[in-house]
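Structural overview
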Amino acid sequence: MFSKQEAQQLKKEFWTAFGKSFPRKWLLYDTKIKDFSFKFNADNKKAEVSLDIEMKDEIFRNAYYEKIWSLEDILQDFIGDFHKDEYFTLDNGKVISKIWIEKHDVSIFNKNSWQEIFEFFWEKMDGFERFYYEYEDFIKDV
């Protein structure tokens, strides 16, 4: 096990190494849609790339989710099999809509799995971004 400080240091090294291994300006929060963002996440069990739709107004959140969901087969062509949850509850209790893809049996705390995570991040986020840019006008038209 790692101390809290050691864990924080490893996380910092991980994200720095990812940025150096795959230098690129990712779309992430720059979708031009408030509370509609792409995210990377990694912990001690898995890595994840997601689209988080976090609008407080449930009507708008559901409308954007339905837009993406109407393109399900196309999205699958870009990123492969994925998970979806229209009412995903975060650890803090906030309900969002979420579409994500996971890679299991990797750990941010195991440097031997970092390259595998980096490649997964690049491949899946690149697919999410290409999908978004291709259908951006349709998605934004809510």
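A brief look at the structure comes next. (Residues numbered from 1 in each chain as written. Predicted model: local features only at pLDDT ≥ 70, side-chain atom pairs only at ≥ 80, totals over all residues. Heavy atoms only, no water.)

So, the overall build of the chain
- Helix and strand counts for the chain stand at four helices and four strands.
- Written out in order from the N terminus, the α and β elements of the chain read α-β-β-α-α-β-β-α.
- Taken over C-alpha atoms, the radius of gyration comes to 16 Å for the chain, in line with the 14 Å a tight globule of 142 residues would show.
- Considered along the principal axes of its C-alpha atoms, the chain spans approximately 45 × 30 × 25 Å.
- Residues counted as buried form 42% of the 142 residues belonging to the chain.
- Nonlocal contacts in the chain, meaning residues at least 24 apart in sequence, comprise 61% of its contacts between residues at least 6 apart.
- When the accessible area of the chain is evaluated, it comes to approximately 8500 Å², of which 48% is carbon and sulfur surface.
- Mean positive and mean negative side-chain charge positions of the chain (22 and 29 charges, respectively) differ by 7 Å. (Helix = DSSP H or I, 4+ residues; strand = E, 2+ residues; numbered from the N terminus. Rg over C-alpha atoms; globule rule 2.2 N^0.38 Å. Buried < 20%, exposed > 50% of the residue type's maximum accessible area, 1.4 Å probe, protein only. Contact = heavy atoms within 4.5 Å. Areas by Shrake-Rupley, 256 points an atom, 1.4 Å probe, with all protein chains shown as cover. Lys, Arg positive; Asp, Glu negative; His and termini not counted. Charge placed at Lys NZ, Arg CZ, Asp CG, Glu CD.)

Points about unusual backbone geometry
- With phi around 70 degrees, Lys32 is a residue other than glycine that occupies positive phi space.
- For Lys32, the location among the structural elements is in the loop between helix 1 (4–21) and strand 1 (36–42).
- With a phi angle near 65 degrees, Asp105 is a residue other than glycine that sits in the positive phi range.
- Take Asp105: it is sitting in the loop between strand 4 (95–104) and helix 4 (114–140).

Section: the nonpolar core
- Phe36, Phe121, Phe128 and Ile139 are the most contacted members of the largest nonpolar core, which has 37 residues in total.
- Going through the elements one at a time, helix 1, strand 1, strand 2 (46–53), helix 2 (58–70), helix 3 (72–79), strand 4 and helix 4 are the ones with two or more residues in this core.
- With residues near it in sequence (within four places) discarded, Phe121 still touches Phe14, Trp15, Phe18, Phe40, Asn41, Ala42, Ala47, Glu48, Val49 and Asp126. (Core = buried A, V, L, I, M, F, W, Y, C linked by side-chain atoms within 4.5 Å.)

Quick notes on the packing of helix 2 against helix 4
- At their nearest, the axes of helix 2 and helix 4 sit 10 Å apart, and the two run at 130 degrees to each other. When the interaxial angle is binned, helix 2 and helix 4 end up oblique. For helix 2 against helix 4, the interelement crossing comes out right-handed. Across the interface between the two elements, Tyr64, Lys67, Ile68 and Ser70 of helix 2 pack against Phe131, Phe138, Ile139 and Lys140 of helix 4.
- Each residue belonging to the contact of helix 2 with helix 4 can be placed in one class, and the counts come to five nonpolar, one polar and two charged. (Axes fitted to C-alpha atoms, helices over the stretch in contact; angles between N-to-C directions. Parallel < 35°, antiparallel > 145°, perpendicular 65-115°, else oblique. Left-handed = near helix turned anticlockwise from the far one by under 90°. Nonpolar A, V, L, I, M, F, W, Y, C, P; charged D, E, K, R; others polar.)

Here we look at the packing of aromatic side chains
- Scanning the model with the defined rule gives 26 aromatic pairs in all.
- Ring plane angle 75 degrees and centroid distance 5.2 Å describe the contact between Phe18 and Phe40, whose orientation is recorded as edge-to-face. Taken together, the residues Phe18 in helix 1 and Phe40 in strand 1 connect sequence positions 22 residues apart. There is no split in this pair, since Phe18 and Phe40 are both buried.
- Seen in terms of ring centroids, Phe36 and Phe38 are 6.3 Å apart; in terms of plane orientation they differ by 90 degrees. Their pairing is edge-to-face. (Phe/Tyr/Trp six-rings, centres within 6.5 Å; stacked < 30°, edge-to-face > 60°.)

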